[in-house]
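An overview of the molecular structure
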Amino acid sequence: MIQLNEISKLFLTEEIETTALNKVNITIKKGEFVSIMGPSGCGKSTLLNILGLIDTPSSGEYHFNEAPVHSMSEKQRSVLRKMNISFIFQSFNLIDELSVFENVELPLIYTKVKASERKKRVEEVLEKMNMMHRKSHFPQQLSGGQQQRVAIARALVNKPALILADEPTGNLDSVNGEEVMEQLTKLNAEGTTIIMVTHSSRDASFSDRTIKLLDGKVISENQTVALHA
Amino acid sequence: MFRQYLKIALRNFRKNLLYSLLNLVGLAIGLGACILIVLYVLNEYKYDKYHSNSERIYRVVGHLEMDGADENASSCPFPVSKAIKEAYPELIESSTRFFNGQVDEHTLRIEDQVFTESKYFMVDSTVFDIFDIPIIQGDSNALDKPMSMALSSSAAKKYFGDANPIGQIIQVDDQVKFEVRAIFEDIPAQSHFRFDVLTSISTIRKLRGSEINSWVWNPCWTYILLKENAKAWQLEEKLPAFVSSHFFDAEKDNISLGLQNLESIHLYSDLDFEIAPNSKATYVYILLVIATFILLIALINYINLTTATAAGRGREIAMRKVLGSSRTQLIVQFLVESTFWTFLALLFSFCLVENALPFFNNLVDRSLSLSQLLSDGGWLIWVLFGLVLGVIAGIYPALLLTAIRPIKILKENFSDFGKNSKARKLLVGIQFTVSSILLIGTAVVYFQWQHMQQSDLGFNKESVMVVKISQSPVVRKYKAFTAELKNIKDVESVTGMEYILGTDHNNHEFHPEGRDPEKWHFFPTMIVRHHFLTTFNVPIVTGRDYSPEHTSDEMEAILINEAMVRQMGWTNEEALGKRFSSLQGQEKIVGVFKDFNFTSLHNEIKPLVLNMKETEGGRAFFTRYIAIRFNTSDLPRLIEEVEGLWKAHTNNRPLSYSFMDEDIESLYEGEKKLGVLAALFSLLSILIALLGLVGLISFLSEQKKKEMGIRKVFGAEWIDIFKLMSKEFIGLVFISAVLSAAISIPLINDWLSQFAESITLDYLPFVLSLLLNILVVMIVVLIHSYQLFRSDPIKVIKYE
C-alpha cells in the first residue's frame, strides 16, 4: 500500500540545516498495523506528516497504492488524502465551536457526501464508538477519553484506507488509553491500515510491526510481541 | 501607578503592533474628519455675528401672493427704509438700503483704467451706524453727501496701489463720477454678503431731482437696527398696519412684510433675489449627522479591537486580581489606557486636519483654520472631549475584561477569551448599518444632482453664450449691436433678455382680461427681445411668435406659457387675442408657448409671461443680457470676435460673458457641494470601517488558525475556509442593509421632497451600498482566508 524510497526531509531554520528524515525506506502492506517509535526529535511526526500528505519530502519517492505521490501537485495530494487517509492526534484537535456530531461530520462535508447519507454514517460511527448519547455535546463538555473517541469516530467516518495516529493515548489516563488502543485494534481487524507514532511500548505492542527511528533513520523493523492480554 | 499603566499600554501596543496601529490610525482619521466638520459647522454659525449689534439688526423682507405669482423677496421697494423708520421711531434706531441697480457687475473707470466690480452697492450713510465697518481712512460721515464713495482696503489697494485713495475720482458705469472719501476694513469672510465699493444712495436723488417713490419695484435690500429694548415681534405686529397705510390699494391686500434677523440669514434664508447665495441649515445638520456617524464607526473600531486583543491580557488581569487589585482599580487602568490612546489619536488627527485644510477649504470655499478651534480657551474643550471620548471608548472593554473570574482564566485556555462575542457582532453590525446609510445618502445626492444636470428643462441651454449688457452703452444700441453679432460666422441666433433664462425671473404687473380691472395682477415675467423662443428652441403651441415684421408687437403683443393658460382657466385657443396689458401697453396674447423651467428645478413650473416692454427706455433698462446661439467648437475665435465688437461699441469696456449651461449648473452648487462632502466623508467612514474590519478579521483569523488547520487536514479546500470566514460578516452585511434601508428611506424621501423635480427612489442606491460593503468584506476575507489556507497546518495542530 505504501512504499517509501530514500525519503529525506531537511528543515532550514535560521540558516541551520536540520535533517529530520535521512533516506528512509519503508514498505507497509494493506491491512497492517504499524507502530513508529523513537526518542523525541527522531523524525517520527515528520514521517507521519509525509505519510499523511500534509507535508512533502525534500527528496525520495513515495508511492501510495502504487501512485507516485512525490510527483503529484498539492491539489492531487489533497484529493488523495481526502479520499484515503484520516488522522488521530494526541491533542484530539476537535473544533470547540462544533458539536460532537458536527465534528464527526466534517470530513464527509468536504468529500461532498449528501446530508441524509452523512447523518446515517455519523450516527453509525458514533454508535460504534459508544458516543451516540453525547452527539449534541461540545468538546469541552467531554472527558479526554470521550474526546479521543470522537476524534477516532471522525477519523473513521469517511471509511479511510489508512489511519495515521500521532500518540493517540498521549493525553489520556491508562484506562482511557487502553480503551483507545482496543478500538484501533478492532478497526485494524476490520481491514483498516493503521500507522501509529508512539512513545509507549505498551501501545506499540498492539501493532503488528514496530519501526524504530533514530536521528531520522530507520534503525530496526521488528514484529511486535504482544504485551497486553 | 499611572506610569505603570502607561508602560503596560505601550508594551501591549508593541505586542499587537498591527492591530494597535490600525486602531490608532482609524481613530485619528475618524477624529480628523469630525474636526473638519466641526470647523465647518462652527464657521457657518459665526456668520454676521461679528457685528456688535447683530442681534438687533433685521432685514425687512416682502411676501407677495397674487393670482399665480408667489414671490418671497429678500428686498423691498425704495421708500420702505425711510418710511418704516419714521413710522416707528420708538422701535427702530436706524435703517439703510443696499442697491446694486439690479446689476451684478459694474464698470469702474479710473482715468484710462477700466475695472469690473461685482461687490458694489449704493447705500444710505447710516450703514456705518448699523454695521460694524471700521473706518481706516476718512470718517463715518463719508457717505452723507451725494457722489461719495467708500472703498474696502483691498479694493483701494486694487484700484490705487500704494497711492492715497482719498479724494480720487472713480466713474461708475461710464455715468456718475464719485469721490473716494473713506477706506474701511475688509468685510470678514463670515458675512452673508460682501461689499468692496459703497456709494451714497443720495446720488440718485441728486441726479433725478427726486427720490424713487415706487412701492411696487422692490430692488433694495433693507436693514434696520432695532432700539436696545425693542423686540422684533413688537415691530412684526405693526407691519400689517404699515403695509396697509403705505402700499398701493391695488396690492396691499396681497403683500406682507416680515423681519429676518441678521444672524439667521446665512443658514436659514432662501428667498427670491437674495443679495448673495446663502448656505442651508439642512446641509449643516446632514454634516453633523455624518460626523456623529464617523465618530461612532471609529469608536466601535477601538472597542472591537480592544476586546478582541484582550485575549492576550487575560492572564495579566487575573494575576492583578489574585494579587489584590480591586475591579475599580482595573477599570481605571483600562480607562487610563483608552484615554491615552484617544489623546494620541487626537494629536494625530490635528496633524491630519492641518494638512488636509488647504484641500478642504478649496472644496467648501471657506478659509477655515485650526486656530479657530484652539484659540480663546477652545483647547480646553478638546481636552475635555478627549477625556470623554477616552471614557466612552474604554468603558465597555474595561467592564467586560474586568468581570472575568481569575480562576477561569488561570485554569482554562485563556487564549480563547473574547473569541465569540455577540456584542462584537452587534457593534460590527452597527458599523455596517451606519456606513451603508452614508453610502446610500451619498448615492442619492449624486443621482439627484445628476438628474438636475440632465433634466430636460424644456429649452436648449447648450451652445449659448451670454453677454452682460446692463448699464453699458450697448443697451441703447441694441439693434445695431445684435445685427453685427449676427454677422459673426457660426452665430445662429441672437436675442435679449432680463435674466439668464433658467436661473431667475421677476414679477411684473398686468391687467389680464376677465380679472378685476381695478387691480394690478403680478405674474412671473421675463422681458425679452425678438427671436427669444427660437434662440432657445422653445416651441409655440398655439398662435405665433414675436416677429420683426409685426411692427406693433412691442406695444401690443404678449406671449404666455401653457401654465398661464391653465392658471387663467382658458384653453390655448381661447387665450389668443385676450387682453393682457402691462403698465403702459395695450398688449394682447398672440401666442402660447410650451412650458419650460424658467427657474431652478427646486421649483415647479409656474405661469410665465414674455413681454417686450412698451417703451424704448423700459426695453433698454430690462434688456440686461444678450444670448448668442452658436454652432462652432472654436470658442476662442467666437469670444474674440464678440469681444472685438463689444469693445468697439463700449469704449473698451471689459467684456463680461458666460455660457448658459455653466450658469445653470451653478444653480445646483449647493447640492454639488453637499454631494462632494457627503462622498468624501462617506469614503472616509468606509476607510475607517475597513481598517477596523481588517484588524478584526486578521485577529479572528489568527484565532481560527487551529480550527482552519484541522479543517484543512480533514479535506477543507480554500473555498471552504473562505465561505466559513465570510459567512459571519456577510450575514451582518445583509442585516445591516435591511436596517440601513429602513432608516434611510424616510430621511431621503424627506430631503427629496424639497425639489420640485426629484428622482424616484429606487433600489439602485441600496444595491450599490450593499455591493460595496460585500466587496469590502470579500476582499479582506479573501486575503485572510487564502493566507490561512496557505499556512502550514502541522504547526498549528501539533504545537499549541
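Owing to the predicted nature of the structure, the values given are computational and were not obtained by experimental measurement. (Residues numbered from 1 in each chain as written. Chains lettered and ligands numbered in written order. Predicted model: local features only at pLDDT ≥ 70, side-chain atom pairs only at ≥ 80, totals over all residues. Heavy atoms only, no water.)

Description of the overall build of chain A
Per the secondary structure count, chain A includes seven helices and ten strands. Taken against the 2.2 N^0.38 rule, which gives 17 Å for 229 residues, the C-alpha radius of gyration of chain A at 18 Å falls within 12% of a compact globule. In terms of overall dimensions, chain A has a C-alpha envelope of 50 × 40 × 35 Å along the principal axes. Looking at chain A as a whole, 54% of its 229 residues qualify as buried. Pairs at least 24 residues apart make up 68% of the contacts formed inside chain A by residues separated by at least 6 positions. Accessible surface computed for chain A: about 10,300 Å², of which carbon and sulfur atoms make up 49%. (Helix = DSSP H or I, 4+ residues; strand = E, 2+ residues; numbered from the N terminus. Rg over C-alpha atoms; globule rule 2.2 N^0.38 Å. Buried < 20%, exposed > 50% of the residue type's maximum accessible area, 1.4 Å probe, protein only. Contact = heavy atoms within 4.5 Å. Areas by Shrake-Rupley, 256 points an atom, 1.4 Å probe, with all protein chains shown as cover.)

So, the nonpolar core
Residues and elements named next belong to chain B. Residues L501, F536 and M660 are the most contacted members of the largest nonpolar core, which totals 61 residues. If one sorts the elements of this core by residue count, helix α16 (residues 422–454) sits on top with seven residues. The contacts of L501, once residues within four sequence positions are left out, are F459, M526, F532, F536, F596, F598, M660 and I664. Counting residues in each nonpolar core, the second largest holds 52 residues, with I35, L36, L287 and L357 among its members. (Core = buried A, V, L, I, M, F, W, Y, C linked by side-chain atoms within 4.5 Å.)

A word on the side chain of B:N361
All names here are of chain B. Mapped onto the fold, N361 is located in helix α12 (residues 327–364). Looking at N361, its side chain comes within polar contact range of the main-chain nitrogen of L368, at 2.8 Å. Not counting chain neighbours up to four residues away, the residues in contact with N361 comprise R366, S367 and L368. (Polar contact = N/O pair within 3.5 Å; in protein donor to acceptor, adjacent residues only side chain to side chain.)

Section: the interface of chain B and chain A
How large an interface is tends to be reported as the accessible area lost when its parts come together. At the interface, 21 residues of chain B touch 24 residues of chain A. In total, chain B and chain A occlude about 2,000 Å² of area from one another, counting both sides; carbon and sulfur atoms represent 51% of this. There are two salt bridges connecting chain B and chain A. Between B:E717 and A:K82 there is a salt bridge; the shortest N-O distance is 3.0 Å. The interface formed by chain B and chain A holds six residue pairs in polar contact (both at pLDDT 80 or more) in total. Of all the secondary-structure elements, those providing two or more residues to the side of chain B that touches chain A are α26 (705–713), α27 (718–752) and α29 (793–798) of chain B. Top element by residues in the side of chain B that touches chain A is α26(B). It accounts for six residues. Of the residues belonging to the side of chain B that touches chain A, the class tally is seven nonpolar, two polar and twelve charged. (Buried area = accessible area lost by both parts, 1.4 Å probe. Salt bridge = Lys/Arg side-chain N within 4 Å of Asp/Glu carboxyl O. Nonpolar A, V, L, I, M, F, W, Y, C, P; charged D, E, K, R; others polar.)

Brief notes about helix α23 (residues 635–650) of chain B
All names here are of chain B. Between its terminal C-alpha atoms α23 stretches 22 Å, which fits the 22 Å expected from 16 residues at 1.5 Å a residue. Along its buried surface, α23 packs onto β4 (106–110), β14 (464–468), α17 (478–486), β15 (491–497), β23 (625–630) and β24 (657–659). One or two positions beyond α23, positive phi appears at N651, with a value near 55°. (Expected span 1.5 Å × (residues − 1).)

Some thoughts on the sheet that holds strand β7 (residues 162–166) of chain A
All names here are of chain A. With mixed pairing, the six strands of this open sheet are ordered in space as β6-β7-β8-β3-β9-β10. This sheet does not close on itself; its edge strands, each paired only once, are β6 (85–89) and β10 (217–223). Neighbouring strand axes in the sheet, compared pairwise and without regard to direction, differ in orientation by 20° on average. Where β6 and β7 come together, five bridges link them in parallel fashion. Bridge pairing links F89 to D166 in β7. The strands touched by helix α2 (residues 74–84) within the sheet are β6 and β7, with β6 carrying the most contacts at an inclination of about 75°. The sheet contacts of helix α6 (residues 174–189) involve β3 (33–37), β6, β7 and β8 (193–197), and relative to β8 the element is tilted by about 150°. (Pairing = 2+ DSSP bridges. Axes fitted to C-alpha atoms, helices over the stretch in contact; angles between N-to-C directions.)

Here we look at the sheet that holds β24(B)
Residue and element names in this part refer to chain B. Spatial ordering of the open sheet is given by β15-β23-β14-β24, a layout of four strands whose pairing is antiparallel. The sheet is open, and its two borders are formed by β15 and β24, each paired with just one other strand. Taking the axes of each pair of neighbouring strands and ignoring which way they run, one obtains an average angle of 20° across the sheet. Across five bridges, β14 lies against β23 in antiparallel orientation. Bridge assignment links M465 to a residue of β23, and that residue is I628. Relative to β15, α17 is tilted by about 160°, and along the sheet it contacts β15 and β23. Across the face of the sheet, α23 comes into contact with β14, β15, β23 and β24 while running at roughly 25° to β14.

Some remarks on the pattern of salt bridges
Residues and elements named next belong to chain B. Taken as a whole and assessed by the stated rule, the structure comprises 34 salt bridges over all chains. Here E117 ties to K158 by a salt bridge, and the two come within 3.8 Å at their closest N and O atoms. Of this pair, E117 sits in strand β5 (residues 113–117) while K158 sits in helix α5 (residues 153–160), and the two are 41 residues apart along the sequence. One salt-bridge network, held together by shared partners, links K489, D490, D634, R637 and E641.

So, unusual backbone geometry
It is generally the case that most residues other than glycine have a negative phi and that most peptide bonds are trans. Unusually for a residue other than glycine, A:E6 sits at a positive phi of about 55°. By secondary structure assignment, the location of A:E6 is in strand β1 (residues 2–13). Judged by relative accessible area, which is 39%, A:E6 ranks as partly exposed. A positive phi is found at B:N652, a non-glycine position, where the angle reads about 65°.

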